[in-house]
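Architecture and fold: a report
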Amino acid sequence: MVKNIILLGGTGSIGTQVLEIIRDDINYNLYGFSFGDNIVKAKEIIEEFKPSVVCCKNAKDVIELRDLYKDINFISGDAGLQQLASMKVENEIFINALVGAVGLVPTMAAIENGNDVLLANKETLVIAGDLVTKRANEKNVKIIPIDSEHSAIFQLINEQNKKDIKNLIITASGGSFRDLKKEELVNVNKEDALNHPNWKMGPKITIDCATMMNKGFELIEAYHLFNINIDN
């Protein structure tokens, strides 16, 4: 039975990996996706996967795309994300791979819709973890992490052995300043922080990585996902 995927954040890193899975497995169909500013990549996705619904960040992109792809339903903005997350789709898999606080409302919409949420948007839980997990429990839906460290932890933990866990250890790349001594950090600047040795993640996440703020967010995320005491 074919699974219909609704993917928020189709042109990003996680979204690209999701599309690779869909491309290689006939059991998955891209029913709908959203994108931000990368309309060129969005057109490539549309032409390859022929989705039914596309949500554009910018309303002006809707005008251009409607002229090119007349059989597709185009929506836009935050309201469009919420609409996409609220759609009743048979055999649906809902994936939130957005970046930033914009991911919270569609996550809640998907929960209200009765869908499990495959989550790669940490801000959803950093901003409103108590509300999100409470409502997910009330609606009997799962929040399943699919990004890096938290996905690895999720695959290692189950309900039977959680009580035996002493600590969760979340790894960090260390960002641009990993190999510097404390006294060497006095003179670093923005350009130094943005020079990540391994990844191209955009300025916001790269700065948060260099300052370790991103790892602080991930600790909060882990607390809400796994219900392990924050001190552990």
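Summary of the structure given here.

About the criteria used
Residues numbered from 1 in each chain as written. Predicted model: local features only at pLDDT ≥ 70, side-chain atom pairs only at ≥ 80, totals over all residues. Heavy atoms only, no water. Disulfide = S-S within 2.5 Å. Buried < 20%, exposed > 50% of the residue type's maximum accessible area, 1.4 Å probe, protein only. Helix = DSSP H or I, 4+ residues; strand = E, 2+ residues; numbered from the N terminus. Contact = heavy atoms within 4.5 Å.

The next point concerns the state of the cysteines. Here the structure, examined in full by the defined rule, presents zero disulfides. We note that Cys 55 lacks a disulfide partner, and the nearest cysteine sulfur, in Cys 56, lies 6.6 Å from it. Judged by its relative accessible area of 1%, Cys 55 is buried. Take Cys 56: its relative accessible area is 0%, and that puts it in the buried class.

With that settled, the discussion passes to the environment of Ile 93. Along the polypeptide, Ile 93 turns up in strand S5 (residues 92-96). Residue Ile 93 is classed as buried on the basis of its relative accessible area, which comes to 19%. The sequence separation of Ile 93 and Ile 5 amounts to 88 residues, and the corresponding C-alpha distance is 4.7 Å. In contact with Ile 93, other than residues within four places in its own chain, are Lys 3, Asn 4, Ile 5, Ile 6, Tyr 28 and Leu 118.

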